[in-house]
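Residues per chain, in single letters:
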Amino acid sequence: MIDLRSDTVTRPTEGMRAAMARADVGDDVYGEDPTVRALEERVAGLLGHEAALFTPTGSMANVLAVGLLVAPGQEVLCEARAHIARAELGAHGAVSGVTMRTWSSPRGQVDVAVLADLFAPDLGPFFVRTAAISVENTHNFAGGAVLPLADLKALRAFADEHSVAVHLDGARLWNAHVATGVSLEEYGAVADVAAVCLSKGLGAPVGSLVVGPAALIAEARVRRKRLGGGMRQVGVLAAGGLYALDHHVDRLADDHAHARLLAEACGVDPAGVDTNIVAFDVADAPAYVAAAREAGVLVGAVGARTVRLVTHLDVSRADTAQAVAALARL
Ligand SMILES: *Cc1c(COP(=O)(O)O)cnc(C)c1O
C-alpha cells in the first residue's frame, strides 16, 4: 500500500530515532529540559520571533495561539476551509469562547478588500469585535496552496492600521518556504503569533510550536499546563524535531515534485500544485477512495466530492511512479 492520505503518517527514520534515543532531557514543566529549550529557541529564531513553546499537537498550538489574541466573546476572521474552522472540532468556541466569521477564496488567499468589509471594530455593545485575522500557509484544504507574500504584507499593513492581530497557522510553513524561497523569517513577520508543526512534512512523530513575543509565550505556557499539555522529559520528542529541521526541510522539494507527477496522472494541472497536496473533485469521493485502495493506494476524502493526495517522506520516487500508474487507470 502507498499511503497518500496525509503527511502525518510518516514513521521516524533510523537517524531520527537515534537522535531521540540520545536526547538530553529534564523536567520541562520546571523549564529544565535542554533539548526542548534548544528546539524552542531555534524555531523562534527561524521565524524571527522572541520565543516559542513546544506543544503536543498543532491543534493545541492553534488553540493557544488564537486564544492569546482573541478574548472570549470576540472573533477571529478566517477563510471558510481553514483548519481552525473545519478540523479542530470547534475547540476555539468550546475551549476559548472565540467566535469566527469566514471569507471564501479559491486558493485560501486573503484579500484586504474583503477584510475591509468583514472587519468589525469595537463599537461597544453592538457587534462582536474582530480581534484577530487568521491565515493558513500553506492552505491545507485549498490543496496545499501557498499564500502570495504580497497579500500577506498587505494583511500586515491592514492589521497595523486597524490594531487587529494576525494569527498564522503555519502547520506547513516549511513547505511554503521551500516552494517559494521566501524565508521563514519573512513569513514570520506577518504574524503576531504563529503555529508550526513538526509532525507533518518534517516527519517527526509528535510536536508543534507556538511562536510569538516572550510575554505572550509565557502566558501560553500557563495555558498549556491548564489544558493538560505540560509535559515532562519531552526532550526525547523535541530531539526528533531538531533532527527534522537539520535533515528534512530541503527535501520537501522532492515531495512537491512527486505531488506534481500525481496531479498529472489525475488530470489536475500541475501548475496549480504549489506543494505536497493534490486536491480534486470526483463524482463520489468515498467510491474513489475505495477504488484507489483496491489499486494499492490509500487516498483521503476531505468532502463528499473532494479527494486529497498528500506526498511525504515515506513516499519515494518509485512509490510515486507506482501510484501514478494506479491512479491514472482510475
Ligand atoms: C495538521 C494541521 C494542524 C494541526 O493538526 P494536529 O493534527 O492537531 O497536529 C493545524 N493546521 C493545519 C493547516 C494542519 O494541516
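Owing to the predicted nature of the structure, the values given are computational and were not obtained by experimental measurement.

Rules behind the numbers
- Residues numbered from 1 in each chain as written.
- Predicted model: local features only at pLDDT ≥ 70, side-chain atom pairs only at ≥ 80, totals over all residues.
- Heavy atoms only, no water.
- UniProt positions renumbered as here; feature names shortened; annotations may be inferred.
- Buried < 20%, exposed > 50% of the residue type's maximum accessible area, 1.4 Å probe, protein only.
- Contact = heavy atoms within 4.5 Å.
- Pairing = 2+ DSSP bridges.
- Helix = DSSP H or I, 4+ residues; strand = E, 2+ residues; numbered from the N terminus.
- Patch = residues over 30% accessible without salt bridge, like charges linked within 9 Å, V, L, I, M, F, W, Y side chains within 5 Å.
- Areas by Shrake-Rupley, 256 points an atom, 1.4 Å probe, with all protein chains shown as cover.
- Salt bridge = Lys/Arg side-chain N within 4 Å of Asp/Glu carboxyl O.
- Near = heavy atom within 4 Å.
- Polar contact = N/O pair within 3.5 Å; in protein donor to acceptor, adjacent residues only side chain to side chain.
- Nonpolar A, V, L, I, M, F, W, Y, C, P; charged D, E, K, R; others polar.

**So, the UniProt feature "modified residue: N6-(pyridoxal phosphate)lysine" (unreviewed entry) in the protein**
Line of reasoning, step 1. Under the UniProt annotation, the feature "modified residue: N6-(pyridoxal phosphate)lysine" (unreviewed entry) is placed at K200.
Line of reasoning, step 2. Residue classification places K200 among the buried positions, given a relative accessible area of 13%.
Line of reasoning, step 3. Each residue touching K200, except ones within four places of it in the same chain, is listed here: D7, T8, T10, A171 and R172.

**Some words on the sheet that holds strand β11 (residues 300-301)**
Line of reasoning, step 1. The strand order across the open sheet built from 3 strands is β9-β12-β11, with neighbouring strands paired in antiparallel fashion. On the outer flanks of this sheet lie β9 (277-281) and β11, each paired with one strand and no other.
Line of reasoning, step 2. Where β9 meets strand β12 (residues 306-310), 5 bridges bridge the pair, whose relative direction is antiparallel. If you follow A279 over to β12, its bridge partner there is R308.

**Topic: a nonpolar patch on the surface**
Line of reasoning, step 1. Taken together, the side chains of L123, F126 and F127 define a hydrophobic patch exposed on the protein surface, amounting to about 380 Å² of accessible area.
Line of reasoning, step 2. For F127, the location among the structural elements is in the loop between α6 (112-118) and β5 (130-136).
Line of reasoning, step 3. Classification of F127 as exposed rests on a relative accessible area of 58%.

**Here we look at the site of the ligand**
Line of reasoning, step 1. Near the ligand, the surroundings consist of T57, G58, S59, N62, H83, E88, E136, N140, D169, A171, R172 and K200.
Line of reasoning, step 2. Contact distances for the ligand include 2.8 Å between an oxygen atom and a side-chain N or O atom of R172.
Line of reasoning, step 3. In isolation the ligand exposes 380 Å². Once the protein is present, 84% of that is buried.
Line of reasoning, step 4. When residues of the shell around the ligand are assigned to their parent elements, the largest contribution, 3 residues, is made by helix α3 (residues 58-69).
Line of reasoning, step 5. Within the shell around the ligand, the residues separate by chemical class into 1 nonpolar, 6 polar and 5 charged.

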